[in-house]
Amino acid sequence: MYKQANENNVLRHEITLHGEQEQVSIFFISDVHLRKIDVPMIEQISKRFHAVIIGGDFADKRTPIQRIYQNIELLQKLGPLYFVWGNNDREVGEQRLRNIFKETGVHIIENDAILLENIKNKCWLSAIDDTSTENENFDLAFEKCGGEENVIFISHNPEVFREVRQNFHTKLMLGGHFHGGQIRLGSIGMLPHGSFSIRDGVFTLISNGYGTTMVPFRLGAKPQCHIIDLHFRVTIKK
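Small disclaimer: the values here were computed from a predicted structure and weren't measured.

Conventions used here
Residues numbered from 1 in each chain as written. Predicted model: local features only at pLDDT ≥ 70, side-chain atom pairs only at ≥ 80, totals over all residues. Heavy atoms only, no water. Buried < 20%, exposed > 50% of the residue type's maximum accessible area, 1.4 Å probe, protein only. Helix = DSSP H or I, 4+ residues; strand = E, 2+ residues; numbered from the N terminus. Arc of directions from axis to C-beta. Contact = heavy atoms within 4.5 Å. Core = buried A, V, L, I, M, F, W, Y, C linked by side-chain atoms within 4.5 Å. Pairing = 2+ DSSP bridges. Axes fitted to C-alpha atoms, helices over the stretch in contact; angles between N-to-C directions. Phe/Tyr/Trp six-rings, centres within 6.5 Å; stacked < 30°, edge-to-face > 60°. 1 Å grid on protein atoms, 1.4 Å probe; cavity = no way out; pocket = protein on both sides within 12 Å on 5 of 7 lines; lining within 4 Å. Points joined across faces, edges and corners; volume = space filled by probe spheres on them. Nonpolar A, V, L, I, M, F, W, Y, C, P; charged D, E, K, R; others polar. Salt bridge = Lys/Arg side-chain N within 4 Å of Asp/Glu carboxyl O.

### Some thoughts on helix H3 (residues 65-75)
Then comes step 1: Listed in full, the buried residues belonging to H3 are Ile68, Asn71, Ile72, Leu74 and Leu75. Taken around the axis of H3, the buried residues stretch over an arc of 160°, which confines them to a single face. Residues of H3 that are exposed and angled more than 90 degrees away from the buried face: Gln66 and Glu73.
Then comes step 2: Packing partners of the buried residues in H3 comprise strand E2 (22-29), helix H2 (39-45), strand E3 (51-54), strand E4 (81-83) and helix H4 (94-104).

### Regarding the nonpolar core
Then comes step 1: By size, the foremost hydrophobic cluster in this structure holds 28 residues, and its most contacted members are Phe27, Ile29, Ile37, Phe58 and Leu75.
Then comes step 2: At the level of elements, E2, H2, E3, H3, E4, H4 and strand E12 (225-233) are the ones that each hand at least two residues to this core.
Then comes step 3: At four residues, H3 tops the list of elements feeding residues into this core.
Then comes step 4: Sequence-distant contacts of Ile37, defined by excluding residues within four places in its chain, comprise Ile29, Val32, Ile42, Phe58, Asn71, Leu74, Leu75 and Tyr210.

### A short note on the sheet that holds E2
Then comes step 1: Taken in spatial order, the six strands line up as E1-E12-E2-E3-E4-E5 in an open sheet, and their pairing is mixed. The open sheet terminates on both sides in strands that have one partner only, identified here as strand E1 (10-18) and strand E5 (107-108).
Then comes step 2: The sheet contact formed by E3 and E4 spans three bridges and is parallel. Along E4, the bridge assignment pairs Ile53 with Tyr82.

### Structural notes on the sheet that holds strand E11 (residues 202-206)
Then comes step 1: Spatial strand order, E6-E7-E8-E9-E11-E10: six strands in an open sheet with mixed pairing. Only two strands of the sheet have a single neighbouring strand rather than two, namely strand E6 (112-115) and strand E10 (195-199). Strand-to-strand, the axes of this sheet are offset by a mean angle of 20°, without reference to chain direction.

### Some details on unusual backbone geometry
Then comes step 1: Look at His33: it is not a glycine, yet its phi comes out positive at around 55°.
Then comes step 2: Summarising the element assignment, His33 is placed in the loop between E2 and H2.
Then comes step 3: Positive phi is not limited to glycine here, since Ser46 has a value of about 45°.
Then comes step 4: Mapping Ser46 onto the fold places it in the loop between H2 and E3.
Then comes step 5: With a relative accessible area of 60%, Ser46 lands in the exposed category.

### Overview of the packing of aromatic side chains
Then comes step 1: Under the defined criterion, the tally for this structure stands at 10 aromatic pairs.
Then comes step 2: Judged by centre distance (5.0 Å) and plane angle (80°), the rings of Phe83 and Trp85 are edge-to-face.
Then comes step 3: Of the residues examined, Trp85 reaches a relative accessible area of 0% and is grouped as buried.
Then comes step 4: Taking the centre distance of 6.4 Å and the plane angle of 35° together, the rings of Phe138 and Phe153 count as tilted. Here Phe153 lies in strand E8 (residues 151-154) and Phe138 lies in helix H5 (residues 138-143), a separation of 15 residues in the sequence. Phe153 matches Phe138 in its accessibility class, with the two residues each being buried.

### A look at empty space enclosed by the protein
Empty space left among the atoms is revealed by rolling a probe the size of a water molecule over them.
Then comes step 1: For the structure shown, the criterion picks out one cavity of 30 Å³ or more.
Then comes step 2: The space that makes up the largest cavity amounts to roughly 30 Å³.
Then comes step 3: What lines the largest cavity is simply Leu17, Cys123, Asn150, Val151, Ile152, Lys171, Leu172 and Leu230.
Then comes step 4: Here the lining of the largest cavity is composed, by residue class, of six nonpolar, one polar and one charged.

### Remarks on the environment of Gly211
Then comes step 1: Structurally, Gly211 is set in the loop between E11 and E12.
Then comes step 2: Of the residues examined, Gly211 reaches a relative accessible area of 1% and is grouped as buried.
Then comes step 3: Measuring from C-alpha to C-alpha, the distance between Gly211 and Ile37 comes to 8.9 Å, with 174 residues separating the pair along the chain.
Then comes step 4: Those residues in contact with Gly211 that sit more than four places away from it in its chain are Ser30, Asp31, Val32, Arg35, His179 and Arg218.

### Observations regarding the pattern of salt bridges
Then comes step 1: Scanning all chains against the criterion turns up eight salt bridges.
Then comes step 2: Taking the shortest distance from any N to any O, the salt bridge between Arg90 and Glu94 comes out at 2.9 Å.
Then comes step 3: Notably, a salt bridge pairs Glu94 with Arg98, separated by 2.9 Å at the nearest N-O pair. Taken as a pair, Glu94 and Arg98 lie in helix H4 at a separation of four residues, close to a single helical turn.
Then comes step 4: Classification of Arg98 as partly exposed rests on a relative accessible area of 22%.
Then comes step 5: Through salt bridges that share partners, Arg90, Glu94, Arg98, Glu110 and Asp129 make up one connected network.

What follows is the structure, encoded as structure tokens:
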């Protein structure tokens, strides 16, 4: 179980969207917690992304500050970093973590949306504060998007996804938090296994996450991080 918890599994997902011909690449990683990101894994990816999204629980009370800096430095080799709060991140000290992100140029998205830069197709990253704070505000997260076609919504806790699908316009949703159950007996787990699916017409990625919580073990819920390629293509209507 310890060996499985320290695997490096990079999953690839392809999504086709309507727009001007272009490929936009995103790297998604969540629930790093105490784990040190693997240097060979980052080196083997060997490409730059338009956005590297940290989907919450980048750290917790166990995580040395130096490791936070090291993990940021590694991820920045892949592209610009965007961070969404998880339920454990503030254990480090909220202001301390904010200062680290400001110092290192990591963009925090909380009840807000940020427009991706240097791409032809207008594409928003929208995110709420973590639900554990009871400070999440969906209206603010989507306010700037103004009904735009291409919105990527991020919430550490995917339990909100159904509400978002029903009330807002988004093409892709990203979440983590569940760790895939972390320790499963066959198909049985305390929480759902990670998945990539289309739900009510919305691409939905729920990651098993990269690190572990409580104990450094995994069984039947391998660690994951993700490469998402958005293929924008002109659709000819018949």
